[in-house]
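Tertiary structure, described
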Amino acid sequence: MMREYLQRKIELVNKELDSIYLEQDALNSTLAKSMNYSLMAGGKRLRPVLLMAAADAVGANGENFVHLATSIEMIHTYSLIHDDLPAMDNDDYRRGKLTNHKVFGDGVAVLAGDALLTMAFEVIADSPNVDVAKKLKIVKEISHAAGPEGMVGGQVIDLESEGKHIDMNTLQKMHRAKTGALFCAAIRSGAILGDATDKQLEALTEYARQFGLAFQITDDILDVTGDEASIGKPVGSDEKNHKSTYVTLGSLQSAKDLAQKAVDNAKEALKDFGTEADFLREIVDYLISRKK
Ligand SMILES: CC(C)=CCC/C(C)=C/COP(=O)(O)OP(=O)(O)O
Ligand SMILES: C=C(C)CCOP(=O)(O)OP(=O)(O)O
């Protein structure tokens, strides 16, 4: 059931993304090619899928919000393009393909990231089936999560931590901001779109925090145990960049135990939800057993 649900939502997101920005109409075709190159490079689409699933979990039809959901994938894609730049992680492969700057050059890659971030807010503004008050709430959720108190702030902690030993508290703070905040915004946005009660919103926020933690620990584990063809990016990149991770601060086994605890906590957060939340329950198991 989970696989079919996931596949259907991924296809919807891909179709929507495909229709949003057409190269032939663009002011600059190189920029459009660069944006599309990374957007359509085969990401897992977890964030937009989670947005729709959170709306489903509170009894709405998440698929009505697919247009808005793509905005989060645009922001996520921008962050990956910038993360791979020589000034940051200096990575050559992402999503199984050469990184954006390797194909289009650093300048265009910076601008493609900027353009995706900016366009995401145009997409929210243009979203059908959503009233203006909700759009405003969602702009606040997403901009806060992507900005200095969220993803960008976390990325700076990451930059400053390279080559240094950081403790578990700093690692968690960094990941909550760098990776967790956008997952949280995706899930909270879906809940808001689906008219969640305050109690449901609170429970889904806790689910999102635990999901983000389980996701990040798994990313750290895959960086050690994964195989390049499956994860689409080099293994051992954390070691190369002298980064502290859940694996280096403990062990492979302690990281696996922490991830499992986060999965259990995520499911526990959904205890008062009905079968509408089954996908959210199942995807956390998939998350820690994933190979990519
Ligand atoms: C504002 C910016 C640029 C934010 C980047 C956010 C982010 C989550 C990058 C990937 O993290 P990672 O380096 O831990 O993962 P990967 O191994 O996929 O590069
Ligand atoms: C936040 C991190 C660790 C970067 C990768 O995110 P995903 O694993 O969701 O990447 P894609 O599937 O979108 O490529």
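Before any of the text, the structure's been laid out above.
Residues numbered from 1 in each chain as written. Chains lettered and ligands numbered in written order. Predicted model: local features only at pLDDT ≥ 70, side-chain atom pairs only at ≥ 80, totals over all residues. Heavy atoms only, no water.

Next up on the list: the layout of surface pockets. Estimates place the volume of the second largest pocket at around 450 Å³. The wall of the second largest pocket is formed by 22 residues, among which Arg-176, Gly-180, Ala-181, Cys-184 and Arg-209 lie closest to the centre. If you list the elements that add at least two residues to the lining of the second largest pocket, you get helix 7 (132-146), helix 9 (168-193) and helix 10 (198-225). For the lining of the second largest pocket, the leading source of residues is helix 9, giving nine residues. Of the residues that constitute the lining of the second largest pocket, the class distribution is six nonpolar, nine polar and seven charged. (1 Å grid on protein atoms, 1.4 Å probe; cavity = no way out; pocket = protein on both sides within 12 Å on 5 of 7 lines; lining within 4 Å. Points joined across faces, edges and corners; volume = space filled by probe spheres on them. Helix = DSSP H or I, 4+ residues; strand = E, 2+ residues; numbered from the N terminus. Nonpolar A, V, L, I, M, F, W, Y, C, P; charged D, E, K, R; others polar.)

This part takes up a nonpolar patch on the surface. On the surface, a cluster of nonpolar side chains totalling about 250 Å² of accessible area is made up of Tyr-93, Leu-98 and Val-103. Of note, Tyr-93 is situated in strand 1 (residues 93-94). Residue classification places Tyr-93 among the partly exposed positions, given a relative accessible area of 41%. (Patch = residues over 30% accessible without salt bridge, like charges linked within 9 Å, V, L, I, M, F, W, Y side chains within 5 Å. Areas by Shrake-Rupley, 256 points an atom, 1.4 Å probe, with all protein chains shown as cover. Salt bridge = Lys/Arg side-chain N within 4 Å of Asp/Glu carboxyl O. Buried < 20%, exposed > 50% of the residue type's maximum accessible area, 1.4 Å probe, protein only.)

In the neighbourhood of ligand 1, 13 residues make up the surrounding shell, with Asp-83, Asp-89, Arg-94, Lys-178 and Lys-233 lying closest. Lys-178 has a polar side-chain atom sitting 2.7 Å from an oxygen atom of ligand 1. With the chains in place, 91% of the 510 Å² that ligand 1 exposes on its own is no longer accessible. Secondary-structure elements contributing two or more residues to the shell around ligand 1 are helix 4 (66-83) and helix 8 (151-161). For the shell around ligand 1, the element with the highest residue contribution is helix 4, accounting for four residues. Among the residues forming the shell around ligand 1, the class breakdown is three nonpolar, three polar and seven charged. (Near = heavy atom within 4 Å. Polar contact = N/O pair within 3.5 Å; in protein donor to acceptor, adjacent residues only side chain to side chain.)

Here the focus is the pattern of salt bridges. For the coordinates displayed, the defined rule picks out 17 salt bridges. For Arg-95, the salt bridge is made with Glu-73, and the minimal N-O distance between the two is 3.2 Å. Taken together, the residues span a long stretch of sequence, with Arg-95 in the loop between strand 1 and strand 2 (97-98) and Glu-73 in helix 4 at a distance of 22 residues. Here Glu-73 falls in the buried class, since its relative accessible area comes to 1%. Across the pair Asp-84 and Arg-94 runs a salt bridge, and its minimum N-O distance is 2.9 Å. Taken as a pair, Asp-84 in the loop between helix 4 and strand 1 and Arg-94 in strand 1 lie far apart in primary sequence, ten residues in all. You can call Asp-84 buried: its relative accessible area is 2%. The class of Arg-94 is buried, set by a relative accessible area of 15%. The structure contains a network of salt bridges with shared partners spanning Arg-8, Lys-9, Asp-56 and Glu-63.

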